[in-house]
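Next come the chains, spelled out residue by residue.
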Amino acid sequence: MAPSTRVITTAAMADDDGKNQKKVIKDVGKQLLSKHKCPHKDLLVKLLQQASKALPELKTQSDSLRPTIKPLSDSILKHGLLHQKDKDVRLLVTVCVCEILRILAPEPGFTDEEFRDIFRLLVDMFADLADTKSQYYYSKRVELLETIAKYNFCVRMLDIGCEDLILEMFNIFFSVIRKEHSSNVFGAMSSIMSAIVQEKCSQGLLEVIFRSLLKDKKDTFSASYQLAVSVIEDCNAVSVTEDRDQAFQPLVCRFLNRCILNRDSVNSVLKESYHAIIYEIFQCAPEMLIAVVPNLTQELLTDQIDTRIAAIKFVGKLFSIPGRHVAQEYPHLFIEFVNRFSDKSAEVRLNAVSCAKSFILTNPSGEESTAVVSALEGRLLDFDDKVRIQAVAVVCDLTKSTVRPIPPELIAQAAKRLRDKKVFVRKKAMKMLLDVYHHYCIRCSEGIIKLSAVFEEIPCGILMLCYDKDLEFGLQNIERVLEEDLFPVSLSVEERVRHWLFLYSHPVSANQNGFFTSAHEKALSAVLSQKKRLQSEMQSYLDLRTSGKNVSDKAEERMQKLFTKMSTCFPVPIKAEECFRKLHLLKDDDLHNTLKEILLELKFENAQTIRENFVKKMKDMHVDSEFLQSLVTKCQYNIFSSDHVSCILDHLCEDTFGEPNLKNACVTLLMVIVNAFPQLLRGSEEQFCMLLLEENSNFRNELLQMLAKAGPHISVDLSVIYPFLERICLSGTRAQAKLAISAISELVVTSKEFTFSCLCKTLVDALESEQNTPTVLQSLGCMAQHSVSAFDSHSEEITRYIIDKIILEKEVGMCDIVSSNDSSDCTTSCDLKIFGLKTLVKSFLPHQRKTCITRQIDEVLDVISQMLQRAEVSKGRLYSESSTDHLRLAAATSVLRLSQIWDPHIPPDIYRQTVLMAKDPSSMVRKSFLEKTFKLLKNNVLHCKYICAFALAASSQKDDSLSYMAEIIKNRHKEAKVPKSTTVKRDATNDPVCAVIFLIHILAHDTAFPAQDSENEEIIGSFFSPVVFTMEALLNPLFVDGDMDRIRSVVSDMHNIFNAIKRAEDALDVHKTSRLHILANLGAKYLVEKHSISGMSVSHTSTNILLPSSLFRKSNQKQSSRNQCKGVRKSVEDVSASDGDLHKRSKSSLNSHTRKPHEKQIVSSGEREIHDFTSPESITCQDKLSLSPMDDSW
């Protein structure tokens, strides 16, 4: 638009009475114009004040006023008043000039140069707006600012080329504006700038606005920021209706699009801040960027990783603007945003995940939110560790937010990161998930939310870290987590119990939605067991320390061993052991008294108080404070306490459960606690007894088990409990009877033998009256294990009744017999025979190993032998196939049980018959027998000669046999590496390698032994396969952790064994000697062939090989020498008598149980005379076997 046509807007207002003002204005102008020089200040100010007051009174805009005003205008120019330095004069001149411009608009009659001087004056006046101290000057300047804004004077600056002044004015406005300025100042400045940039905007003006938009971005309420926003909003309101290339909006879009698409071509220092500019503009004028935002898609698709990272950060921020639905408005941009969650660059994915939190919180609903949640879930399984960590962090933060409920599967997936392959991922995930679990626990306690399986999977995941072998986890570290970090410190015991019960009420086996597995329960039990062990050993140490001032060397040695044991309960045992030694050297009695006190304090809150007081004091102690704090925590009952037990019992007594699983959970959890810490039942005896004595209780077995466990630790009124326990022994189930006997043994402190004697008499009477015989038999057998003397007083009548009335009887009276689940597919008569046999066997297995038994075991062994051979001992009675299977299995199991103590007294033929159960025709017998054998061998309570069973079963159950064999070899190898402190002499044949000795003897007596003239290699190979199976297992490096020294030792031992056997005779049947030699030769040949192929030398060192004298003897020993084992049986091939003859022999043999006066007393230690011999190859034979801890799970 040409300058001549430029219109300066003004208000057309009528002025009826302006004659006086006109005269004043004209007179002032003439006076000033008449002066040759500029008047002095006083006169000048006086005249200008008159003019400045008169001019505003002229409301009418008219060209007719030009003559009146012209003298004033000319005088201002003549005397150079536009350039005056005095602020009073400058202010008055500025007022007059502004009024002249208003009145004489649109053409006030100034030249371009004069206009420039006028605008220079105005801009300088704008700079003085920062001075707000002088109210007069400030108010005048504000009035001038408003007038200039109102009449758009500054637009004329564009026509006369004053872009530099415009730029300066913009800078001044943004620099002088303050929060203290009134809103009309903001409005006037914004109006002036908006009018200019709407007409014509330059790159410089754009940058000035953008800088003000960015420089105070940390303080969005700053004055310059608000002014810039106001300008943009004003421009946006106009720009949507007008389209000018030089206007603000088109220039903004061109600048930002160039920054996005070709940033190198942009000549501006702000080109690197374009994202921030877009963000600020989008918040105040989103419509202005309709042509800009879609181009951000190009940045998300570029090959440059840094650009994609910056773009994903910015787009995520843009999508998270509150109150806007940017993702919906720009769907293509959103699609690419979601795609970046699976970007090929881990850094891009990491930043995408970081954006997910703010996006979901800002957009809690809708398809877009669901898509981001799904993308986030996928990153929990990302290949990159950092991405997985960040995904877990975002999920945890979202979970704690109340804005949007998080899908359960998302939390579950996050919890699975506790099993991540990377240690630091597991560690960080555990920390974050624990924080989530704390938040969840608090909200549950406040009643805001209900207990949820999703959140309870977090402690389950933490429990599984007990199996983690890394130093950061494992039992030692997870114990600390359960003690200190699992629950919020402020959470009450009642709330803690609620969470534990919820876990136990959702077992996988019983609940379709279950998540608590046996592995979780096993892990918790392991933690509690470790805690119990440390507490027990610490108590032992404190007792030793306080037993006397002068500690003996033996006590000192024991204390050092306790330190070593206790240190294994800490993450770094070496450091912990050193701390224990330093602790021992401290002469601080208060410290050790505190440890004693906390070990005895069963109440949760009391123990917490003791611990807190101790932590305050330990700063002055010269021991690692972290170690001391950890030690006190481990000694404290903090995972479970007597308060927990009392709370659980309250739940059971009140019986207000809505779900049946919850009641089961109470009992299960109570069992776990009592098994680990039976003393925690102390103080809750009344509640416990009330539950125990309830009629028709569904949990009687469990309660009895807890009573037996906690018996020594609680105070119970025996006059109330004993009649109940006696009734259980007579009329309960077999399982209950076993527990009741154990409970009586634990509860009765004094006169225990008298109590059991009375109970035994009652049980014998019940047995003879045939009342609930299975339970009575169980009670008698268990009682015999607890009190040998009580059983011995009635052993004759009990034994006679069991053998004559039960085992040898054709049909057993079954009145009042409670059904049993021990062998469900067996007849009741068969069941009773098995129960009777178990009672007899238990009577020879006392819990106290040193107890002397004066009864003969031969009679029981005779019964077992005949059951093994024919599974029949009664008068001509043939049972069903199922029944005979169960009888054989019971007999074989009895041998295994007796072997724990009586192995030296078990004849070779019974041992052979027992081991051959591994080849029994019945798969049920084979499987059950192998499982029992493996269990006893694994617990190290059975001689290694029973490994032969796995070799014999390999033909039908190779996988199971190899698995069993491998684990036993591994366990024994590990045990052999541990230094033995005991001086007790061990049986040299109790080694997996020596199993070959027994296996060869068993095969030599096998009726299927191939004929010696047989040339069928397949038959020979099949028969010899058990030996090959055993040798391959023993020589497998994988089973001994790759210990080749051990393999070489085994090769040498087997070579010596085969040579020793070839130089010995069969002690049972000399005619089988040739078979022994054949098998030994085959073994030696196989050993040479196998290791010549593998490249291992078969050279060996001659050593003494111990052969059992019950099976072997010197080759030059006469056949008439005395038998090595009392009562040697016939070999298997000689047993061919008919059933009738069998019964006659059985009756005759079983009736000969009375011990002759001259017979030597047999004690439970299994001692018997040793017969050794040495062959030319240094063969040594012995039959005295070492004793091992007895298994009592039968």
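Residues numbered from 1 in each chain as written. Predicted model: local features only at pLDDT ≥ 70, side-chain atom pairs only at ≥ 80, totals over all residues. Heavy atoms only, no water.

*Asks:* Looking at this structure, I do not really get the overall build of the protein. What am I missing?
*Replies:* When helices and strands are counted, the protein shows 53 helices and four strands. A buried classification covers 54% of the 1194 residues belonging to the protein. For the protein, long-range pairs separated by at least 24 residues make up 73% of all intrachain contacts whose partners lie at least 6 apart in sequence. In the structure as shown, the protein presents an accessible area of about 53100 Å², 50% of it carried by carbon and sulfur atoms. (Helix = DSSP H or I, 4+ residues; strand = E, 2+ residues; numbered from the N terminus. Buried < 20%, exposed > 50% of the residue type's maximum accessible area, 1.4 Å probe, protein only. Contact = heavy atoms within 4.5 Å. Areas by Shrake-Rupley, 256 points an atom, 1.4 Å probe, with all protein chains shown as cover.)

*Asks:* I keep staring at the pattern of salt bridges and nothing clicks. Help me out?
*Replies:* Where charged atoms of side chains with opposite charge meet at close range, the side chains can pair. Taken as a whole, this structure holds 49 salt bridges when the rule is applied. Measuring nitrogen to oxygen at the nearest pair gives 2.7 Å for the salt bridge that ties D382 to R349. One end of the pair, D382, is in the loop between helix 19 (367-379) and helix 20 (385-400); the other, R349, is in helix 18 (residues 346-362), and 33 residues separate them in sequence. Of the two residues, D382 and R349, both sit in the buried class. The salt bridge involving R388 is made with D420; its shortest N-O contact spans 2.6 Å. Of this pair, R388 sits in helix 20 while D420 sits in the loop between helix 21 (408-415) and helix 22 (423-445), and the two are 32 residues apart along the sequence. Taken individually, R388 and D420 each receive the classification buried, so the pair is uniform in this respect. Via salt bridges that share partners, D385, R388, R417, D420 and K422 belong to a single interconnected network. (Salt bridge = Lys/Arg side-chain N within 4 Å of Asp/Glu carboxyl O.)

*Asks:* How do you make sense of a negative patch on the surface when you look at a structure like this?
*Replies:* Among the surface-exposed residues, E494, E605, D650 and E654 lie close enough to one another that they form a single negatively charged patch. In this fold, E494 is placed in helix 25 (residues 493-504). (Patch = residues over 30% accessible without salt bridge, like charges linked within 9 Å, V, L, I, M, F, W, Y side chains within 5 Å. Lys, Arg positive; Asp, Glu negative; His and termini not counted. Charge placed at Lys NZ, Arg CZ, Asp CG, Glu CD.)

*Asks:* Explain the nonpolar core to me, please; I cannot follow it from the model alone.
*Replies:* Nonpolar side chains tend to gather and get buried jointly when the protein is soluble and globular. If you look at the biggest cluster of nonpolar residues, it comprises 361 residues, and the most contacted ones within it are F126 and F337. Among residues more than four places away in sequence, those in contact with F126 are L145, I148, M169, I172, F173, V176 and I192. (Core = buried A, V, L, I, M, F, W, Y, C linked by side-chain atoms within 4.5 Å.)

*Asks:* Please clarify how helix 51 (residues 1044-1062) should be interpreted in this entry.
*Replies:* Think of an α-helix as 3.6 residues a turn; residues three or four steps apart then line up on the same face. Over its 19 residues, helix 51 extends 27 Å from the first C-alpha to the last, a length consistent with the 27 Å expected when each residue adds 1.5 Å. All of the buried residues along helix 51 are I1047, V1050, V1051, S1052, M1054, H1055, N1056, I1057, F1058, N1059, A1060 and I1061. (Expected span 1.5 Å × (residues − 1).)

*Asks:* Quick question: what am I supposed to make of the packing of aromatic side chains here?
*Replies:* The geometry of an aromatic ring pair comes down to the distance between the two centres and the angle between the two planes. Summed over the entire model, instances satisfying the criterion amount to 32 aromatic pairs. Here F844 and W902 contribute two aromatic rings whose centre-to-centre distance is 5.9 Å and whose plane-to-plane angle is 85°, an arrangement assigned as edge-to-face. With F844 in the loop between helix 42 (828-842) and helix 43 (858-870) and W902 in helix 44 (residues 881-902), this residue pair connects regions lying 58 residues apart in the sequence. The exposure classification of F844 matches that of W902, with both residues buried. Three or more aromatic residues link up through ring pairs in this structure, and these residues are Y437, Y440, F455, F487, W500 and F640. The lysine or arginine in question, K87, covers the ring of Y137, its NZ or CZ lying 4.5 Å from the ring centre. Lying across the ring of Y911, K945 places its NZ or CZ 4.7 Å from the centre. (Phe/Tyr/Trp six-rings, centres within 6.5 Å; stacked < 30°, edge-to-face > 60°. Lys NZ or Arg CZ within 6 Å of the ring centre and 35° of its normal.)

*Asks:* Looking at this model, I keep getting lost on the side chain of H181. Mind explaining?
*Replies:* Structurally, the position occupied by H181 is in the loop between helix 8 (163-176) and helix 9 (183-199). Here H181 falls in the buried class, since its relative accessible area comes to 6%. H181 has contacts with L129, T132, Y138, V176 and F186, leaving out every residue within four places of it along the chain.

*Asks:* How do you make sense of helix 49 (residues 995-1004) when you look at a structure like this?
*Replies:* Of all ten residues in helix 49, ten are buried; the element is thus mostly enclosed. Taken as a whole, helix 49 has its buried residues at A995, V996, I997, F998, L999, I1000, H1001, I1002, L1003 and A1004.

*Asks:* What's the story with the environment of R263 in this structure? I'm lost.
*Replies:* Its place among the elements puts R263 in the loop between helix 12 (248-261) and helix 13 (274-284). Residues in contact with R263, not counting those within four places in the same chain, are R258, K271, E272, Y274 and E299.

*Asks:* Sorry, what's going on with the packing of helix 17 (residues 331-339) against helix 19 here?
*Replies:* For any two helices packed against each other, the geometry is given by the interaxial angle and the distance between the axes. Remark: helix 17 packs on helix 19, axes separated minimally by 10 Å, with the N-to-C direction vectors making an angle of 15°. With respect to helix 19, the axis of helix 17 lies roughly parallel. Considering only the axes of helix 17 and helix 19, their crossing is right-handed. On helix 19, the residues that touch F334, F337 and V338 of helix 17 are E368, A371, V372 and A375. In terms of residue class, the contact of helix 17 with helix 19 is made up of six nonpolar, no polar and one charged. (Axes fitted to C-alpha atoms, helices over the stretch in contact; angles between N-to-C directions. Parallel < 35°, antiparallel > 145°, perpendicular 65-115°, else oblique. Left-handed = near helix turned anticlockwise from the far one by under 90°. Nonpolar A, V, L, I, M, F, W, Y, C, P; charged D, E, K, R; others polar.)

*Asks:* Help me understand the confidence of the model for the protein, please; the structure alone is not making it clear to me.
*Replies:* Regions with low pLDDT carry predicted coordinates that are not meant to be interpreted in detail. When pLDDT is averaged along the protein, the result is 83; 85% of the residues meet or exceed 70. Summarising per-element confidence for the protein, the mean pLDDT is lowest in helix 53 (residues 1139-1150) (33) and highest in helix 17 (95). Contacts for the low-pLDDT stretch residues 813-823, under 50 throughout, to residues beyond four places or in other chains number 25 contacts. Across residues 1117-1193, confidence stays below pLDDT 50; counting only partners more than four residues off in sequence or on other chains, it has 193 contacts. (pLDDT = per-residue confidence, 0-100.)

*Asks:* Is there a simple way to explain the packing of helix 1 (residues 19-34) against helix 2 (residues 41-54) in this structure?
*Replies:* Two elements in contact, helix 1 and helix 2, have axes whose closest approach is 9 Å; the angle formed by their N-to-C orientations is 150°. Between helix 1 and helix 2, the crossing angle belongs to the class labelled roughly antiparallel. Considering only the axes of helix 1 and helix 2, their crossing is left-handed. In this structure, helix 1 contributes Q21, V24, I25, V28, Q31 and L32 to the contact, and helix 2 contributes L44, L47, L48, Q50, A51 and A54. For the contact of helix 1 with helix 2, the residue count by class is nine nonpolar, three polar and no charged.

*Asks:* Can you help me understand the environment of S625 in this one?
*Replies:* Looking at where S625 falls in the secondary structure, it is placed in helix 31 (residues 625-635). Overall, S625 belongs to the partly exposed group, its relative accessible area being 39%. Along the backbone, S625 and V615 are ten residues apart, and their C-alpha atoms lie at a distance of 8.3 Å.

*Asks:* Would you mind going over unusual backbone geometry with me for this structure?
*Replies:* As a rule of thumb, non-glycine residues mostly have phi less than zero, and peptide bonds are mostly trans rather than cis. In this model, A105 is joined to P106 through a cis peptide bond whose omega is 10°. If you trace the backbone, P106 turns up in the loop between helix 4 (87-103) and helix 5 (112-127). With phi around 55°, D1041 is a residue other than glycine that occupies positive phi space. Mapped onto the secondary structure, D1041 falls in the loop between helix 50 (1017-1034) and helix 51.

*Asks:* Please clarify how the environment of H847 should be interpreted in this entry.
*Replies:* With respect to the helices, strands and loops of the structure, H847 is situated in the loop between helix 42 and helix 43. Judged by its relative accessible area of 30%, H847 falls in the partly exposed class. In the structure, H847 is positioned 59 residues away from V788 in sequence and 9.4 Å away in space, judged by C-alpha atoms.

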